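Working through the structure, step by step
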Amino acid sequence: MKKKCIGCGIDIQTHDDKAPGYLPEKVYIEKGDPVCKRCFRIKNYGSYVPVDIKDEDYKNEVRKTLKKMDAVLFVVDIIDFEGSFDKEVLDLIRDKKIIIAVNKIDLIPDKKHPSEVANWIKERADKERLNVLDYAVLSVKQNYGVNGVVRKLKYFFKNGGDIAVVGTTNVGKSSLINGLFAGKNFVTVSKYPGTTLKTIKNKIPGTELTIYDTPGIIPRGRISDMVCEECNLKLVPSNEISRKTFKMKKDRVLFLGGLVMLKVLTDDELKPIFSVFAAKDVNFHETNEDRVEMLMGEHVGEILVPPCGECKDEYLALEKKTEVWEVEDGEELVFKGLGWISVKRGPLKVEVTLPKQAVIVKRAAFIMPKR
């Protein structure tokens, strides 16, 4: 019987050191629970090791696993909620019993009680007609709420069961699973997308619950997936996110790094006020309309970051679109995989320029900005 890497789930092989699952034959023979060369480098050196596996392969692996599952632990990122509460993932799990685990509560700029977060997400889940058993609001990084997930699983599945952990990349699935096993670090944890290659199963000690870690799905429309790996990391917040409040006149332009450009169209007498939320490495730059061409031509990758100097040309070459959005008081305009703007005093009418494949979502405000 073939051995599998306990870190990423791939079949171990000893003949091709450039292919996934490679392990020297001597180590393969000696190791009872092997870790492939790729996972070893990720765990010990933080190295990014790309693999030639397509997004559809990951989805097919998740589909195959879900067929035999009793329930799903669906992990979402509260900071990039629209990028993780993704329709492709929802369609995969729609007919399953679900517990929604809401991660990264520690990164929310304003303090929110877990019940507020759960209620806000419940409205979205109800609209999608998901069969949600319960919600768990947590911070895997701070080990807050992880034990509560185990308690919920024991409560709903007293006689045991098979539970698939499902979610998009970079939501903290693998970190949560290691937390469920008291930090034993069974599976490889990395901020780089595509770390888990195949489904990995482990039994929670003292229970009849078997947890299946599935590969993360890369959803369509996330700006973070349109830049290089290093810039991708900068767009996935690991600390409290940045917030800056603006009161901009008509025709003034705001850059969110070199990724998204907003031009204010609201008449000056209305004086809209809005706040912008994004990872701390995203530069916010306000300017006059007549300086836009110069900034785009000379300063993307320098003043306007991300993207970095390495991936700016590739990003700028992406086909762009321009859309006009009007956002009222108490609404937010979200750019999947980047951040959002929240309107305190509206209406705010903006012309948005960004890659054609990027997805924009307007929603009820999660965080009301301060003046």
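Everything that follows concerns the structure shown earlier in this document.
Sequence order as written defines the numbering, with residues in each chain counted from 1. Local features in a predicted model are, by the rule used here, given only for residues with pLDDT of at least 70; side-chain atom pairs are given and counted only at 80 or more, and totals for whole chains, interfaces and linings are based on all residues. Working from all heavy atoms in the structure, the side-chain values ignore hydrogens and water.

1. Let's talk about the nonpolar core
- Counting 39 residues, the largest nonpolar core has Leu66, Phe74, Ile78, Ile100 and Val117 as its most contacted members.
- Secondary structure elements with two or more residues in this core: α3 (55–66), β1 (71–77), α5 (87–93), β2 (97–103), α6 (114–127), β3 (132–137) and β4 (161–166).
- Helix and strand assignments come from DSSP, with helices taken as H or I runs of at least 4 residues and strands as E runs of at least 2, each series counted from the N terminus. A total of 5 residues in this core trace back to one element, the largest contributor, which is α6. Only buried residues count toward a nonpolar core. Its members are Ala, Val, Leu, Ile, Met, Phe, Trp, Tyr and Cys residues joined through side-chain atoms within 4.5 Å. Accessibility here uses a 1.4 Å probe with only protein chains present; expressed as a share of the type maximum, an area under 20% marks a residue as buried, one over 50% as exposed, and anything in between as partly exposed.

2. Quick look at the pattern of salt bridges
- Any carboxyl oxygen of Asp or Glu that lies within 4 Å of a side-chain nitrogen of Lys or Arg is treated as forming a salt bridge with it. Across all of its chains, the model carries 26 salt bridges by this definition.
- When the shortest N-O distance is used, the salt bridge between Asp225 and Arg222 registers 2.7 Å.
- Here Glu289 and Lys263 are joined by a salt bridge, their closest N and O atoms 2.7 Å apart. Of this pair, Glu289 sits in the loop between β11 (284–287) and α10 (292–298) while Lys263 sits in strand β9 (residues 260–264); the two residues are 26 residues apart in sequence, bridging distant segments of the chain.
- For Glu289, a relative accessible area of 39% corresponds to the partly exposed category.
- One connected set of salt bridges, linked through shared partners, spans Glu82, Arg124, Glu332 and Arg363.

3. Some remarks on the packing of helix α7 (residues 146–156) against helix α8 (residues 173–180)
- Between the N-to-C directions of two axes lies an angle of 0 to 180 degrees, each axis being a line fitted to C-alpha atoms and, for a helix, fitted only over the stretch in contact. Relative to each other, α7 and α8 sit at 75°, their axes nearing to 9 Å. The angle between α7 and α8 falls in the class roughly perpendicular. Where α7 abuts α8, its residues Val146, Val149 and Val150 lie against Leu176, Gly179 and Leu180.
- Residue classes follow a fixed rule: Ala, Val, Leu, Ile, Met, Phe, Trp, Tyr, Cys and Pro count as nonpolar, while Asp, Glu, Lys and Arg count as charged, and any other residue, Gly among them, counts as polar. Of the residues that constitute the contact of α7 with α8, the class distribution is 5 nonpolar, 1 polar and no charged. Working definition: roughly parallel below 35 degrees, roughly antiparallel above 145 degrees, roughly perpendicular at 65 to 115 degrees, and oblique for all remaining angles. Two residues form a contact once any of their heavy atoms are found within 4.5 Å.

4. Details of the sheet that holds strand β8 (residues 253–256)
- In space, the 5 strands of this open sheet follow the order β11-β8-β9-β15-β12, with antiparallel pairing throughout. Because the sheet does not close on itself, it has two edges, and the strands there are β11 and β12 (320–327). Across the sheet, the axes of successive neighbouring strands diverge by a mean angle of 20°, strand direction being ignored.
- At least two DSSP bridges between two strands are needed for those strands to be called paired. Examined bridge by bridge, β8 and β11 share 4 bridges and lie antiparallel to one another. Within the sheet, the bridge partner assigned to Val253 lies in β11 and is Thr287.

5. Some remarks on the pairing of strand β6 (residues 209–213)
- Burial analysis of β6 places 5 of its 5 residues in the buried class, the great majority of the element.
- Of the two faces of β6, both are covered, the one formed by Leu209, Ile211 and Asp213 as well as the one formed by Thr210 and Tyr212.
- Pairing of β4 with β6 involves 5 bridges; the strand directions are parallel. If you follow Ala164 over to β6, its bridge partner there is Tyr212.
- Following strand β5 (residues 200–203), the chain reverses through 5 residues before pairing antiparallel with β6; Gly206 in that reversal takes a positive phi of roughly 80°.

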